[in-house]
Amino acid sequence: MSFPKQNDFIDIHTHGAVPSPGIFSVETLMAHDNRKPMETAGLAYTSGIHPWNLNDENHDRLLLHVEETASYESVIAIGEIGFDKIKGPAIDLQQRTFEEQVYIAGKLRKPVVIHCVKAWEELISAHKKLNPATPWLVHGFRGKKELALQLISKGIYLSFWFDFITRREATPLMKSLPVDYIFLETDGSGADIRDIYKKVSGDLGLTLAELKSQIFTNFNRFFKSIPS
Ligand SMILES: [Zn+2]
């Protein structure tokens, strides 16, 4: 399978990635799109049911799609899956579907990429209840320092909303977090991952090469440290 190099910019969560030299992208397969992974250099995948696209009627079909795609070698994580209190079906359906997919992740020894909007209690209690066998990453994070540190204290990694982390107001948050729990992403926004790295390397007082190396190390720990 395709894996990043130490000098790559890693875009840990995106949609519609086009392979580009020097950039390693983790492309999101959303079950309702019914796409299959392809073996492409510079690209890996996650597969999951996004809560926005879930309902009682399509649940079984989407879950079957995740089960089928999750075992591909190029699918390196389950996701994005999770909870959304603004948009999506009843929270109990979201919770059940999340648990089912965390179970698939555990069975296949693959980590989990999470979408979470205004449902932090549900996320944290799911983490406690499931005691997951593989690590979790919350993508699109734009919350406060206390919440970030609470998630990290449970071993949960964070990737930040591109439009938040590139603002000056995000600098104090970035500086206050352990750098070994962070990832960066474009989320299919059209933003350039290289610009996001540049901003964050300035926040952290690291050179671009140092930040690349740090996130590469995080990537290896997140995806490879899972005992089999
Ligand atoms: Zn996304």
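Every value quoted in this text rests on a predicted model; they were computed, and no experiment measured them.

## So, unusual backbone geometry
Thinking step 1. A cis amide bond links G79 with the next residue in sequence, E80, at an omega value of -5°.
Thinking step 2. A positive phi angle, close to 55°, is found at R109, a residue other than glycine.
Thinking step 3. Mapped onto the fold, R109 is located in the loop between helix 2 (91-108) and strand 5 (112-117).
Thinking step 4. On the accessibility criterion, R109 (33% relative accessible area) is partly exposed.

## A short note on the coordination of the zinc ion
Thinking step 1. At 2.1 to 2.3 Å from the zinc ion lie its protein donor atoms, namely H13 (NE2), H15 (NE2), E80 (OE) and D187 (OD).
Thinking step 2. When the donors of the zinc ion are listed by position in the chain, the intervening gaps give H-x1-H-x64-E-x106-D. Of this pair, H13 sits in strand 1 (residues 9-14) while D187 sits in the loop between strand 8 (182-183) and helix 7 (193-204), and the two are 174 residues apart along the sequence.
Thinking step 3. Given a relative accessible area of 1%, H13 falls into the buried group.

## Brief notes about empty space enclosed by the protein
Here the idea is plain: a probe the size of a water molecule rolls over the atoms and shows the empty space left.
Thinking step 1. As enumerated under the stated definition, the model contains one cavity of 30 Å³ or more in all.
Thinking step 2. Lining the largest cavity, in full, are I49, P51, L54, I81, G82, Q94, T97, F98 and Q101.
Thinking step 3. Among the elements that make up the lining of the largest cavity, the one with the highest residue count is helix 2 (four residues).
Thinking step 4. Class assignment of the residues belonging to the lining of the largest cavity gives a composition of five nonpolar, four polar and no charged.

## Topic: the sheet that holds strand 7 (residues 157-160)
Thinking step 1. As summarised here, the arrangement of the eight strands in space is 1-2-3-4-5-6-7-8, forming an open sheet in which the pairing is parallel. Both edges of this open sheet fall to strand 1 and strand 8, since each of them pairs with a single strand only.
Thinking step 2. Two elements, strand 2 (residues 23-30) and strand 3 (residues 43-48), share six bridges in a ladder whose sense is parallel. Residue pairing in the sheet places E27 in a bridge with Y45 of strand 3.
Thinking step 3. Along the sheet face, helix 2 touches strand 3, strand 4 (75-84), strand 5 and strand 6 (136-141) and points at about 165° away from the line of strand 4.
Thinking step 4. Each of strand 6 and strand 7 touches helix 4 (residues 145-153); the most contacted strand, strand 6, lies at about 165° to it.

## Notes on the environment of S125
Thinking step 1. Summarising the element assignment, S125 is placed in helix 3 (residues 120-130).
Thinking step 2. On the accessibility criterion, S125 (40% relative accessible area) is partly exposed.
Thinking step 3. At 3.3 Å, the side chain of S125 and the backbone oxygen of E122 are in polar contact.

## Let's talk about the packing of helix 1 (residues 59-70) against helix 2
Any two packed helices are characterised by the angle at which their axes cross and by the distance between the axes.
Thinking step 1. With their axes 11 Å apart at the nearest point, helix 1 and helix 2 run at an angle of 20° to one another. Of the possible angle classes, the one that applies to helix 1 and helix 2 is roughly parallel. In this structure, helix 1 crosses over helix 2, and the sense of that crossing is right-handed. Every residue of helix 2 that contacts helix 1 at H59, L63, V66, E67 and A70 is listed here: L93, R96, T97, E100, Q101, I104 and L108.
Thinking step 2. Across the contact of helix 1 with helix 2, the residue classes tally to six nonpolar, three polar and three charged.

Thresholds applied
- Residues numbered from 1 in each chain as written.
- Predicted model: local features only at pLDDT ≥ 70, side-chain atom pairs only at ≥ 80, totals over all residues.
- Heavy atoms only, no water.
- Helix = DSSP H or I, 4+ residues; strand = E, 2+ residues; numbered from the N terminus.
- Buried < 20%, exposed > 50% of the residue type's maximum accessible area, 1.4 Å probe, protein only.
- Donors = N, O, S within 2.8 Å, 3.2 Å for Na, K, Ca; no water.
- 1 Å grid on protein atoms, 1.4 Å probe; cavity = no way out; pocket = protein on both sides within 12 Å on 5 of 7 lines; lining within 4 Å.
- Points joined across faces, edges and corners; volume = space filled by probe spheres on them.
- Nonpolar A, V, L, I, M, F, W, Y, C, P; charged D, E, K, R; others polar.
- Pairing = 2+ DSSP bridges.
- Contact = heavy atoms within 4.5 Å.
- Axes fitted to C-alpha atoms, helices over the stretch in contact; angles between N-to-C directions.
- Polar contact = N/O pair within 3.5 Å; in protein donor to acceptor, adjacent residues only side chain to side chain.
- Parallel < 35°, antiparallel > 145°, perpendicular 65-115°, else oblique.
- Left-handed = near helix turned anticlockwise from the far one by under 90°.

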